[in-house]
Amino acid sequence: MKSMWFVAVALAAAGIVRGAEKKEAKRASVPPELTARWKEEAKFPVVDLSQDAARQVVVAAGTENVYQGHPTTVLMPDGKTIFCVWCVNHGGAAGPMARSDDGGQTWVRLDDTLPPGFKTHQNCPSIYRIVDPQGKARLWVFSAWRGKRFSDDAMPGIVSEDDGKTWKEMPPLGKAFRCVMTFSSVVRLKDGSTLGLYHRGPEGADRAPLEVLQTVTKDGGFTWSEPRVVANVEGKNPCEPYVFRSPDGKELCALLRENTHQGYSLVMFSADEGATWSAPKETAWGLTGDRHNGVLTKEGRMVIAFRDQAPLSPTKGHFVAWVGTYDDIRQGRPGQYRVKLLHGHKLFDLGYPGVELLPDGTIIATTYLKYWNDDRKHSVVSTRFTLSETDAKLAN
């Protein structure tokens, strides 16, 4: 059975890799040795869960007229309540929110309970649970702009101080926070403050050269420090940072989308709580993608989901996850394997994920994609799995 599975994967990969290779060849003079390297790296093991509909839940269905896009999620401390926010149209207006009380199996819409002004917030709303230095937790949803796109009304928000029962609108953080998207990720620091990372182009525009900025809140999300640039790379466009703490708690790691898509993604580290960062360097092939997000499992492995952008990948353009250890990331090692999570009927227009780990080890990965191959537009969809399941599929 194992040999048959690998033969099937190899045959499928060969066909897709050959097609991908032709596309890669159109790029500016890729050296033959680099193409050969990519072909070898594209043999990295893949477990395919994308056709298992029993794992999948449609959080918000697209229609012929409605495009549901760019979700983020947050898991509450009870281990079963999940909030999900997203926008209408590609990078469009905020407004939708849903809550699951059973670990992502069913969802109820909350749109009518939110401040009316939330619908004027634009582009990829992102939800976070931010705990202030005194231990008070709040739910925040930040977006890129209020009203006009790329305006000086940057990073408006809504906040809940009662675990999502009620919400109020907050003013934008302002011109200094002009961005392409709001915080792609946040992480709590040892002193109880919270660090947020985001990206922008010149004057906040969505154009090269892109750079990653950092800011810190010491009051639970109401005010933030003056943003400062922490990553810019000559000839590359770092963006959509995913920051998280190492398993031993000693350092921060940030995975970065690299928007020229001419090689691999980027990674940088901080051993001093974000005061300084290492120069971004390339990740392993298997972590190459857009908009990373992930979890650390109880056994110590990491599961990081993203839109696949690895050169010559047989799953390129689909929603995938990488499985490996933090030390794999730190040392630039390949990791263990990848998982094809969901199949998109429009390649690359997918993969902005929320990833949550339930107490029983179930991983819930949520994204937007063209779920149906018909006239319906994009939907918000989740899939669920455990590493014991994917390990077994790999072994069989």
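Residues numbered from 1 in each chain as written. Predicted model: local features only at pLDDT ≥ 70, side-chain atom pairs only at ≥ 80, totals over all residues. Heavy atoms only, no water.

(A) Structural context of the overall build of the protein chain. Helices and strands together make up the secondary structure of the protein chain, namely four helices and 27 strands. With respect to the principal axes defined by its C-alpha atoms, the protein chain has extents near 55 × 45 × 40 Å. A fraction of 53% describes how many contacts in the protein chain between residues 6 or more apart in sequence connect residues 24 or more apart. Treating the 50 positive side-chain charges of the protein chain as one cloud and the 46 negative ones as another, the clouds have centres 2 Å apart. (Helix = DSSP H or I, 4+ residues; strand = E, 2+ residues; numbered from the N terminus. Contact = heavy atoms within 4.5 Å. Lys, Arg positive; Asp, Glu negative; His and termini not counted. Charge placed at Lys NZ, Arg CZ, Asp CG, Glu CD.)

(B) Structural context of the sheet that holds strand β5 (residues 97-100). The four strands are arranged β3-β4-β5-β6 in an open sheet whose pairing can be described as antiparallel. The open sheet has two edge strands, β3 (68-75) and β6 (108-109), and neither has a second partner. Sheet analysis places strand β4 (residues 82-88) next to β5, joined by four bridges and oriented antiparallel. Residue pairing in the sheet places Ile82 in a bridge with Ser100 of β5. (Pairing = 2+ DSSP bridges.)

(C) Molecular detail of the environment of Leu110. With respect to the element layout, Leu110 can be found in the loop between β6 and β7 (121-122). Placed 226 residues apart in sequence, Leu110 and Gln336 show a C-alpha to C-alpha distance of 39 Å. For Leu110, the residues in contact, after removing those within four places along its chain, are Phe83, Met97, Ala98 and Arg99.

(D) Main features of the pattern of salt bridges. Inspection of every chain in the model, using the stated rule, returns 26 salt bridges. A salt bridge links Asp153 to Arg146; the nearest nitrogen and oxygen atoms lie 3.3 Å apart. Judged by its relative accessible area of 32%, Asp153 falls in the partly exposed class. A salt bridge links Arg301 to Asp391, with the nearest nitrogen and oxygen atoms 2.6 Å apart. One end of the pair, Arg301, is in strand β22 (residues 301-308); the other, Asp391, is in helix α4 (residues 387-395), and 90 residues separate them in sequence. (Salt bridge = Lys/Arg side-chain N within 4 Å of Asp/Glu carboxyl O. Buried < 20%, exposed > 50% of the residue type's maximum accessible area, 1.4 Å probe, protein only.)

(E) Spotlight on the pairing of strand β26 (residues 363-369). Most of β26 is tucked away, with seven of its seven residues classed as buried. Burial of β26 is two-sided: the residues Ile363, Ala365, Thr367 and Leu369 facing one way and the residues Ile364, Thr366 and Tyr368 facing the other way are all buried. Pairing geometry for strand β25 (residues 354-357) and β26, over four bridges, is antiparallel. Note that in β26 the partner of Gly354 across the bridge is Thr366. Count of turn residues in the β25/β26 antiparallel hairpin: five residues, of which Gly361 carries a positive phi of about 95°. Across seven bridges, β26 lies against strand β27 (residues 379-385) in antiparallel orientation. Its bridge partner being in β27, Ile364 is matched across the sheet by Arg384.

(F) Geometry of the state of the cysteines. As enumerated under the stated definition, the model contains zero disulfides in all. No disulfide involves Cys179; its sulfur sits 9.8 Å from that of Cys124, the nearest cysteine. On the basis of relative accessibility, which here comes to 1%, the residue Cys179 falls in the buried class. (Disulfide = S-S within 2.5 Å.)

(G) Region of the structure containing the pairing of strand β24 (residues 337-342). The buried fraction of β24 amounts to six of the six residues, a majority that puts the element mostly inside the structure. Across five bridges, the pairing between strand β23 (residues 319-325) and β24 is antiparallel. Among the inter-strand pairings, Trp322 is bridged to a residue of β24, identified as Arg338.

(H) Representation of the confidence of the model for the protein chain in the model. Model confidence for the protein chain is summarised by a mean pLDDT of 94, while 93% of its residues fall at 70 or above. Across residues 1-22, confidence stays below pLDDT 50; counting only partners more than four residues off in sequence or on other chains, it has 22 contacts. (pLDDT = per-residue confidence, 0-100.)

(I) Local environment of the environment of Pro96. Residue position: Pro96 is located in the loop between β4 and β5. Since its relative accessible area comes to 4%, Pro96 is described here as buried. Between the alpha carbons of Pro96 and Asp191 there is a distance of 34 Å; along the sequence they are 95 residues apart. Not counting residues within four places of it along the chain, the set of residues in contact with Pro96 comprises Cys84, Val85, Trp86, Val88, Arg109, Asp111 and Phe118.

(J) Representation of the side chain of His292. By the element assignment, His292 lies in strand β21 (residues 289-296). Relative accessible area serves as the criterion here: at 2%, His292 is assigned to the buried category. Once you skip the residues sitting within four places of it in the chain, His292 turns out to touch Tyr242, Leu255, Leu256, Arg257, Ser265, Leu287, Ile304, Ala305 and Phe306.

(K) Structural detail: the packing of aromatic side chains. Following the criterion strictly, the structure yields 13 aromatic pairs and no others. Taking 5.3 Å as the distance between ring centres and 90° as the angle between the ring planes, the aromatic pair formed by Phe142 and Phe183 counts as edge-to-face. Pair noted here: Phe142 is in strand β9 (residues 137-142) and Phe183 is in the loop between β12 (168-170) and β13 (185-188), with a separation of 41 residues, a long-range link. Of the two residues, Phe142 and Phe183, both sit in the buried class. Aromatic pair Tyr352 and Tyr368: ring centres 6.0 Å apart, planes at 75°, arrangement edge-to-face. In this pair, Tyr352 is assigned in the loop between β24 and β25 and Tyr368 in strand β26, connecting sequence segments 16 residues apart. Relative accessible area serves as the criterion here: at 0%, Tyr368 is assigned to the buried category. Here a set of aromatic residues connected by ring pairs shows up, and it is made of Trp140, Phe142, Phe183, Tyr198, Phe222 and Trp224. The positively charged end of Arg330 is found above the aromatic ring belonging to Phe269, 3.9 Å away from the centroid. Just above the ring of Trp372 sits the side chain of Arg376; from NZ or CZ to the centre is 3.9 Å. (Phe/Tyr/Trp six-rings, centres within 6.5 Å; stacked < 30°, edge-to-face > 60°. Lys NZ or Arg CZ within 6 Å of the ring centre and 35° of its normal.)

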